[in-house]
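Listed here are the chains, written in short residue letters.
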Amino acid sequence: MKKIIPILASAAILLTLTACNGNNDKTPSGNNSSTQINNSSQTSEPSSTVGNDSSTDTIEDSQVGGDVSDPQDIKPEIKSNGEFKYFYDDALNGIVIAGYEGEPTDIVIPDTIEDKPVVKIGDSAFEQDFSNNTGIKSIKIPDTVTIIGIQAFYNCAGITSIDIPDGVTTIDNAAFCGCESLKSIEIPDGVTTLGNSVFQSCTSLTSVKLPAGITVIERETFMSCTSLESVDVPDGVTSIGNFAFRGCVSLTDLKLPDSVTEIIGCNDLYTFELCKK
């Protein structure tokens, strides 16, 4: 047993260096939301019953021999107003921010574009390159936004604070992963979905207020948050995912409610591995 423990510790340190992997377990929900809805409707084959007039009508209506587009090939039209890239999402009835072309300093996202509400920060919309990731200093998100997509602010190492509006209900995988200068963040209670790796490698983060509406702390949520000192887990949380607090070397206080019935990876010491304090 004494030989096994050092081996596990060495493997753990190597895993800590792994970059955020926010695309696991979930299908990206940014630019493809309308595509996913189209996939739910399947075209049935026309009836081949001989002598049935309705089969003839079916063949004519389906235009046999013509080109049939695969719904997965249908992509939204990306537009630009010179500052933001965006598209209209039918399912969300609003604008999704798809990218940014302006000066990367203090960014104010508008609440409307083309007289339509901005409802989502799309997948990787403000993702930064590893070679130049300190430009964005602050982000103001409008009250109209309800979803922050996968890796929306990935590797935005210069951001020190973000105000999340009360209307947000979903913060998807790795949304703030790699925001190394982010010191504190308050998540509104309206958030019911908090994806995996959301704050992974936010090395300056010291405190977090988690929303009352979540029931799961997903895997790797706070992994490698080396400055995180305390977290209050709200009542109603039932499960804490694997590696959720791994590498939180400054964590001294963690309060778990009675509702927690499962700590995944606890038997392997992975969930709280390297939480030496």
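In the block above lies the structure referred to throughout.
Just so it is clear, the structure is predicted and the values come from calculations on it, not from any experiment.

Procedures and definitions
Along every chain, residues carry numbers that run from 1 in the direction the sequence is written. Local features in this predicted model are restricted to residues of pLDDT 70 or higher, and side-chain atom pairs are both shown and tallied only at a pLDDT of 80 or more, whereas totals for entire chains, interfaces and linings draw on every residue. Computation of side-chain values: all heavy atoms of the structure, hydrogens and water removed. Counting from the N terminus, the helices are DSSP H or I runs at least four residues long and the strands are E runs at least two residues long. Relative accessibility under 20% of the residue-type maximum defines a buried residue, over 50% an exposed one, and the middle range a partly exposed one, all with a 1.4 Å probe and only protein chains included. It only takes one pair of heavy atoms within 4.5 Å for two residues to be counted as in contact. Each accessible area value is a Shrake-Rupley result obtained with a 1.4 Å probe; residue values ignore everything except the protein chains displayed when judging cover. Think of a nonpolar core as a cluster: buried Ala, Val, Leu, Ile, Met, Phe, Trp, Tyr and Cys residues, connected wherever their side-chain atoms sit within 4.5 Å. Between 30 and 60 degrees the pair is tilted, below 30 it is stacked and above 60 it is edge-to-face, where a pair is any two Phe, Tyr or Trp rings, Trp via its six-membered ring, whose centres lie within 6.5 Å. Consider the ring centre and the ring normal. A charge sits over the ring if Lys NZ or Arg CZ is within 6 Å of that centre and within 35 degrees of that normal. Within 3.5 Å is the distance limit for a polar contact, defined as a pair of N or O atoms, with the added protein rule that one can donate a hydrogen and the other accept it, and that residues adjacent in sequence qualify only through two side-chain atoms. Only when DSSP finds a minimum of two bridges between them are two strands counted as paired. Any pair of cysteine sulfurs within 2.5 Å is marked as a disulfide.

## Digging into the overall build of the protein
Reasoning step 1: A tally of helices and strands in the protein yields three helices and 18 strands.
Reasoning step 2: Looking at the 277 residues of the protein, the share that counts as buried comes to 41%.
Reasoning step 3: In the protein, of all internal contacts separated by at least 6 residues, the share reaching a separation of at least 24 is 45%.
Reasoning step 4: When the accessible area of the protein is evaluated, it comes to approximately 14600 Å², of which 49% is carbon and sulfur surface.

## Some points on the nonpolar core
Reasoning step 1: Among the nonpolar cores identified, the biggest contains 53 residues, and Phe126, Ile148, Phe153, Ile171 and Phe176 are the most heavily contacted of them.
Reasoning step 2: Looking at this core, the elements that each hand over two or more residues are strand 2 (84-89), strand 3 (94-100) and strand 6 (116-121).
Reasoning step 3: At three residues, the largest contribution of residues to this core is made by strand 3.
Reasoning step 4: Beyond its immediate chain neighbours, meaning those up to four positions away, Phe126 contacts Phe84, Ile97, Tyr100, Ile107, Ile109, Ile121, Ile136, Ile139, Ala152, Phe153, Tyr154 and Cys156.

## So, the packing of aromatic side chains
Reasoning step 1: Counting across every chain of the model gives seven aromatic pairs.
Reasoning step 2: Ring geometry for Phe126 against Phe153: centres 5.4 Å apart, planes inclined by 5°, an arrangement best described as stacked. Taken together, the residues Phe126 in the loop between strand 6 and strand 7 (138-140) and Phe153 in the loop between strand 8 (147-148) and strand 9 (161-163) connect sequence positions 27 residues apart. In terms of burial, Phe126 and Phe153 fall into one category: buried.
Reasoning step 3: Through successive ring pairs, a cluster of aromatic residues spans Phe84, Tyr100, Phe126, Phe153, Phe176, Phe199, Phe222 and Phe245.
Reasoning step 4: The aromatic ring of Tyr88 is capped on one face by Lys116, whose charged end is 5.8 Å from the ring centroid.

## Brief notes about the environment of Ala98
Reasoning step 1: Relative to the assigned elements, Ala98 resides in strand 3.
Reasoning step 2: Classification of Ala98 as buried rests on a relative accessible area of 18%.
Reasoning step 3: As for Ala98 and Gly149, which are separated by 51 residues in sequence, their C-alpha atoms are 9.9 Å apart.

## A look at the side chain of Glu220
Reasoning step 1: Tracing the sequence through the fold places Glu220 in the loop between strand 14 (216-217) and strand 15 (230-232).
Reasoning step 2: Side chain to side chain, Glu220 and Arg219 meet in a polar contact 3.3 Å long.
Reasoning step 3: Not counting residues up to four positions away in its chain, the partners in contact with Glu220 are Ser197, Gln200, Asn242, Phe243 and Ala244.

## Topic: the sheet that holds strand 18 (residues 262-263)
Reasoning step 1: Pairing in this open sheet of three strands is parallel, and the strands run 14-16-18 from one edge to the other. Here the strands that pair on one side only, and so sit at the sheet edges, are strand 14 and strand 18.
Reasoning step 2: Direction of pairing for strand 14 relative to strand 16 (residues 239-240): parallel, over a ladder of two bridges. Within the sheet, the bridge partner assigned to Ile217 lies in strand 16 and is Ile240.

## Points about the environment of Ile162
Reasoning step 1: Within the secondary structure layout, Ile162 lies in strand 9.
Reasoning step 2: Overall, Ile162 belongs to the buried group, its relative accessible area being 3%.
Reasoning step 3: C-alpha of Ile162 to C-alpha of Ser184: the two residues are 22 residues apart in sequence and 8.2 Å apart in space.
Reasoning step 4: Filtering out sequence-adjacent residues up to four positions away, Ile162 remains in contact with Ile141, Phe176, Leu182 and Ile185.

## Some points on unusual backbone geometry
Reasoning step 1: With a phi angle near 55°, Ala174 is a residue other than glycine that sits in the positive phi range.
Reasoning step 2: Along the chain, Ala174 falls in the loop between strand 10 (170-171) and strand 11 (184-186).
Reasoning step 3: One non-glycine residue with positive phi stands out, namely Phe243, at about 65°.
Reasoning step 4: In this fold, Phe243 is placed in the loop between strand 16 and strand 17 (253-255).
Reasoning step 5: For Phe243, a relative accessible area of 14% puts it in the buried group.

## Comments concerning the state of the cysteines
Reasoning step 1: Counting across every chain of the model gives zero disulfides.
Reasoning step 2: No disulfide involves Cys156; its sulfur sits 5.2 Å from the nearest other cysteine sulfur, which is in Cys179.
Reasoning step 3: Judged by relative accessible area, Cys156 falls into the buried class, the value being 1%.
Reasoning step 4: Not part of a disulfide, Cys202 finds its nearest cysteine sulfur in Cys179, a span of 5.1 Å.
Reasoning step 5: Using a relative accessible area of 0% as the deciding quantity, one classes Cys202 as buried.

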